[in-house]
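Listed here are the chains, written in short residue letters.
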Amino acid sequence: MTNSIKVILLVTVIGTTFNLIAQEAQPFNGNTRFEQLDKILPTPNTYRTASGAPGKDYFQNRADYDIKAELDEKNNKIIGSETVTFYNQSPDVLTYMWLQLDQNIFEKNNTTSAISIGGIDKVNFNSTPDNPNFQDGKDYGYKITSVKDKSGNKLRFTVNQTMMRVELPTPLSPGQSFIFSVDWNYLITEYYGRSGYEFFPKDGNYNYNIAHWFPRMCAYNDVNGWQHKQFLGQGEFTLIFGNYKVAITVPNDHIVGATGELQNMNQVLSATQIKRLEKAKTAGEPVLIVTQAEAEKAELGNPTGKKTWIYKADNVRDFAFASSRKYIWDAMQVEVEGKKTWAMSLYPKEGNPLWEKYSTYTVAHTLKSYSKRTIAYPYPVAYSVHSVSGGGMEYPMISFNGGRPEADGTYSEATKWGMIGVIIHEVGHNFFPMIVNSDERQWTWMDEGLNTFCEYLASQEFDRDWEFKRGDAQYIVPYMKTDPTQQVPIMTNSEQVLSFGSNAYAKPATALNILRETVMGRELFDYAFKEYARRWAFKQPMPADFFRTMEDASGVDLDWFWKGWFYGVEPVNLSIENVEWFAADKNDPVINKAEERKAYNATRETISNIRNRTDIPQTEVEKNPKLKDFYSTYDKFEVKPEDTRYQEYFNMTRTDEEKALLEKNKNFYVLNIKNKGGLISPVILKIVFEDGTEEVVRIPAEIWRFNDKEIKKVIPTDKKVAKWIMDPFLETADIDTSDNSFPKEPEQPSRFQIFKQKAGTSMNPMQRAARMNGGVVPGAKN
């Protein structure tokens, strides 16, 4: 017994007759692409179930913060003290705690200053001693001045690079809490992509975007224990939820935006500003709380004292703030899933006219779009704060976003879409990972990839003509074409990811879009994706929880997809090798003999025979009829009685199903498709018929389950086919579409221009090259 399948078809190949043809499938080749992920994914348990949902024993710890901090503008310094209440909600007894000291990445003696995080043969100067932050002789990094328990007793602590271990005076049992305080200060660095300050030399003012600015509790969970991987710059932050009360003291002419709700509005805002905020609650468009004229006036003044802004935020995983006297401030309320929330923007005049026109509208759109696909936005506010151009960074309820027009207020289309895109992306991070709280230090794709996918959907809802290039399958092709040795799987630790933007953002976003559009369909995908967000909102999911939930909620086996797209680096590269055309044989002797006659006559139309009709006026037989015999007049294609009797017998033995098939006069096409790239994929075919009509056939990826190298697929049609086109809508990320048509499409011609040269002139080689290059002289400044 062999591992092969035979399908018996009664067919006639056009031009040649066969009574029986056996189409034999390829032998099973040990295909493992459809094996389940059981050997790879962690074993389900009472913390994380096989369905992808949190288990009955799932736990996560919590930390509440009461923070008092001052922004020292003269010295660009943060001085702070915090009281932390840590709740041990794990089943384990803890003898110490770990806190994150992210600012220590800038400490001169920190080993991360010697690490390149830009990938192979690339250097990221933000993380090396070549960064300007390291060249001014200042002593960056945290200065921890006190660590005490609630009674004021000193606690033993050890600083290890960007982590600090605090030893507990007595073991902390499950269900217990521990209160301690930390005093610290540090020098603020120039903005380096995540936080810092930007100095504006024309008016001598600063824009402060302050984040990972206080010692923060590490996560302790059922997967890693303490997640205290060092902060190297690329892998972001793994945090736990808690309630925050933060008092921020700044120069009294600053405007402060922060995570949470402002608690002392009457003490820090003017009566006019409060009145404008009240108006903004019911306005249909952003209302200016601080106008550009007011901000420009503030730029020229000097602070006369200090103000303390008090913010409160519940059930958040982090806290960030922004402060400057340069801020224009606009706001509006937007209804999200039946609940009002604030959309706000803070920006200097350098951001206009772009920011005033687009920022707050974009915040509002993002909250509505993401809420529809995940859970309703639960927080009272979302800020977009202007930052250094070229990047963005996210924190709960507040994000720092680049995008700046030219000094004269003009801007390119790329600048416009870049700014709107970064605002959607960073505000969108409120959902991933600020609510669906994945482990960023370990798995970048779980927040960046999922968020980029939602950003792709939100961009389509923002403007139909926006050509957003992370999510659409065709735009990942250049990356998928790169040398596999220079790629890593999506399922790679954040610090080891190469081609960070392509691998952690674009590729997972594209994979999810292919899942939604091509593999699962929108309805199944959207339901499962929303269920994942619902299950893991305000919890800490891992990759297996996402994979399992998507399958559990949709009823679709996707292990083959996760293995190919997330655990591998192979590309999609399918080709149509050949198409054979068959027609059902009715055993009608009249039809069959006519076909045979036609085929025979075609073989007689040789060039010699055609020319001989004129070059040979008469053959010998034509001259002398006596030379003719029986075979001279015999018609070998004549229908004989025995042929008719065979037809009658054959008709008697046919089943009703076979008779119905024969009456339909269908064409049968056998497509030979090869998988040259390795990554299996659904097969999408556009059939163009001879009459100009079209039909699309979608074949699930499971067609590769017996052989992942080559398949043959029989497709019956009522009409004759003129052309077959595979992946007609560019939805599978096939890296080579030149072999996706049959008959093969001719290649596009190279173009040349015709020039008329005047008499008496000549061209030197450079001029000739210029003409061949469209008038551009290679290597010259044109």
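Residues numbered from 1 in each chain as written. Predicted model: local features only at pLDDT ≥ 70, side-chain atom pairs only at ≥ 80, totals over all residues. Heavy atoms only, no water.

1. Re the overall build of the protein
Right, on to step 1. Along its length, the protein carries 18 helices and 34 strands.
Right, on to step 2. Sequence-distant contacts in the protein: of pairs separated by 6 or more residues, those separated by 24 or more amount to 74%.
Right, on to step 3. Counting only carbon and sulfur atoms, one obtains 51% of the accessible surface of the protein, whose full area is about 37400 Å². (Helix = DSSP H or I, 4+ residues; strand = E, 2+ residues; numbered from the N terminus. Contact = heavy atoms within 4.5 Å. Areas by Shrake-Rupley, 256 points an atom, 1.4 Å probe, with all protein chains shown as cover.)

2. Observations concerning helix α12 (residues 589-604)
Right, on to step 1. A rise of 1.5 Å per residue sets the reference length of α12, with its 16 residues, at 22 Å; its end C-alpha atoms lie 22 Å apart and thus fit the reference within 8%.
Right, on to step 2. Buried residues of α12: Pro589, Asn592 and Lys593, and no others. Around the axis of α12, the buried residues are gathered within 95° of arc, so they sit on the same side. Pointing more than 90 degrees away from the buried face of α12 are the exposed residues Val590, Lys598 and Ala602. (Expected span 1.5 Å × (residues − 1). Buried < 20%, exposed > 50% of the residue type's maximum accessible area, 1.4 Å probe, protein only. Arc of directions from axis to C-beta.)

3. Thoughts on the pairing of strand β23 (residues 328-336)
The side chains of a regular strand alternate, residue by residue, between the two faces of the sheet.
Right, on to step 1. For β23, a buried count of eight out of nine residues is recorded, marking the element as mostly surrounded by other parts of the structure.
Right, on to step 2. Direction of pairing for strand β20 (residues 287-290) relative to β23: antiparallel, over a ladder of three bridges. Opposite Val290, over in β23, you have Trp329 as the bridge partner.
Right, on to step 3. Taking the residues between adjacent antiparallel strands as the criterion, β23 and strand β24 (residues 339-347) are bridged by two residues, where Glu337 takes a positive phi near 50°. (Pairing = 2+ DSSP bridges.)

4. Observations regarding unusual backbone geometry
Right, on to step 1. Cis geometry marks the peptide bond from Asn352 to Pro353, where omega comes out at 10°.
Right, on to step 2. Within the secondary structure, Pro353 sits in the loop between β24 and α4 (354-373).
Right, on to step 3. Although it is not a glycine, Met397 adopts a positive phi angle of roughly 70°.
Right, on to step 4. If you check the backbone angles, Phe538 has positive phi at about 60° while not being a glycine.

5. Considering the packing of aromatic side chains
Right, on to step 1. Evaluation of the coordinates by the stated rule reveals 58 aromatic pairs.
Right, on to step 2. For Lys357, the ring lying beneath its charged end belongs to Tyr358, and the centroid distance is 5.6 Å. (Phe/Tyr/Trp six-rings, centres within 6.5 Å; stacked < 30°, edge-to-face > 60°. Lys NZ or Arg CZ within 6 Å of the ring centre and 35° of its normal.)

6. A look at helix α8 (residues 500-519)
Right, on to step 1. Ala506 marks the point of greatest bend in α8, at about 35°, and the proline Pro508 comes within the next four residues.
Right, on to step 2. Most of α8 is tucked away, with 15 of its 20 residues classed as buried.
Right, on to step 3. Directly beyond the C-terminal end of α8, a positive phi value near 95° is found at Gly521. (Bend = angle between axes of the 7 residues up to and from the residue.)

7. Description of the side chain of Ser681
Right, on to step 1. Positionally, Ser681 belongs in the loop between β29 (667-675) and β30 (683-689).
Right, on to step 2. Judged by relative accessible area, Ser681 falls into the buried class, the value being 4%.
Right, on to step 3. Excluding anything up to four places from it in sequence, Ser681 contacts Val572, Leu574, Ala701, Trp704 and Thr732.

8. Quick look at the environment of Gly301
Right, on to step 1. Here Gly301 lies in the loop between α3 (292-300) and β21 (306-316).
Right, on to step 2. When near neighbours in sequence (up to four residues on either side) are disregarded, Gly301 contacts Asp253 and Arg325.

9. Concerning the packing of α8 against helix α9 (residues 522-536)
Right, on to step 1. Relative orientation of the contacting elements α8 and α9 amounts to 130°, with a least axis distance of 6 Å. Accordingly, the angle class assigned to the pair α8 and α9 is oblique. Residues Leu512, Leu515, Arg516 and Glu517 of α8 lie in contact with α9, whose contacting residues are Arg522, Phe525 and Asp526.
Right, on to step 2. Taken together, the residues of the contact of α8 with α9 sort by class into three nonpolar, no polar and four charged. (Axes fitted to C-alpha atoms, helices over the stretch in contact; angles between N-to-C directions. Parallel < 35°, antiparallel > 145°, perpendicular 65-115°, else oblique. Nonpolar A, V, L, I, M, F, W, Y, C, P; charged D, E, K, R; others polar.)

10. Examining the sheet that holds strand β27 (residues 398-401)
Right, on to step 1. The mixed open sheet is built from six strands, whose spatial order is β20-β23-β24-β25-β27-β26. Since the sheet does not close on itself, it has two edges, and those belong to β20 and β26 (392-395), each with one partner. Going from strand to strand, the sheet's axes swing by 20° on average, the running direction of each strand aside.
Right, on to step 2. Two elements, β26 and β27, share four bridges in a ladder whose sense is antiparallel. Bridge assignment links Met393 to a residue of β27, and that residue is Phe400.
Right, on to step 3. α3 contacts β20 and β23 of the sheet and is inclined by roughly 15° relative to β20.
Right, on to step 4. Docked against the sheet, helix α5 (residues 413-428) engages β25 (381-386), β26 and β27, running at close to 150° with respect to β27.

11. Examining the nonpolar core
Right, on to step 1. Counting 191 residues, the largest nonpolar core has Trp213, Met217, Trp329 and Phe546 as its most contacted members.
Right, on to step 2. Looking at this core element by element, the count peaks at eight residues for helix α6 (residues 445-462).
Right, on to step 3. Leaving out residues up to four positions away in the same chain, Met217 has contacts with Ala63, Tyr65, Val84, Phe86, Met97, Trp98, Leu99, Gln100, Phe180, Trp226, Leu239 and Ile240. (Core = buried A, V, L, I, M, F, W, Y, C linked by side-chain atoms within 4.5 Å.)

12. As for the sheet that holds strand β33 (residues 721-726)
Right, on to step 1. Pairing within the open sheet is antiparallel, and its four strands lie in the order β31-β30-β33-β34. At either end of the open sheet lies a strand with only one pairing partner, and these are β31 (694-699) and β34 (741-742).
Right, on to step 2. The sheet contact formed by β33 and β34 spans two bridges and is antiparallel. Paired with Trp724 across the two strands is Phe742, which belongs to β34.

13. Comments concerning the side chain of Asp739
Right, on to step 1. Positionally, Asp739 belongs in the loop between β33 and β34.
Right, on to step 2. Classification of Asp739 by relative accessible area gives buried; the value is 13%.
Right, on to step 3. There is a polar contact of 2.5 Å between the side chain of Asp739 and the side chain of Lys676.
Right, on to step 4. Residue contacts for Asp739: discarding those within four places in its chain leaves Asn573, Leu574, Ser575, Ile576 and Lys676. (Polar contact = N/O pair within 3.5 Å; in protein donor to acceptor, adjacent residues only side chain to side chain.)

14. Remarks on the pattern of salt bridges
Right, on to step 1. Counted by the stated rule, this structure contains 43 salt bridges.
Right, on to step 2. For Arg62, the salt bridge is made with Asp64, and the minimal N-O distance between the two is 2.6 Å.
Right, on to step 3. Measuring nitrogen to oxygen at the nearest pair gives 2.6 Å for the salt bridge that ties Asp318 to Arg216. With Asp318 in the loop between β21 and β22 (321-324) and Arg216 in strand β14 (residues 216-217), the pair connects residues that are 102 residues apart, well separated along the chain. No difference in accessibility class separates Asp318 from Arg216, as the two residues are buried.
Right, on to step 4. Ionic contacts of the salt-bridge type, sharing partners, join the residues Asp203, Glu299, Lys326, Lys349 and Glu350 into one network. (Salt bridge = Lys/Arg side-chain N within 4 Å of Asp/Glu carboxyl O.)

15. Remarks on the confidence of the model for the protein
Low-pLDDT stretches of the model should not have their predicted coordinates read in fine detail.
Right, on to step 1. Residues of the protein with pLDDT of at least 70 account for 86%, and the chain-wide mean is 89.
Right, on to step 2. Scored below 50 in pLDDT, residues 116-130 makes 29 contacts in the model with residues more than four places away or belonging to other chains.
Right, on to step 3. pLDDT under 50 marks residues 768-782. Its contacts with residues more than four places away, or in other chains, come to 17 contacts. (pLDDT = per-residue confidence, 0-100.)

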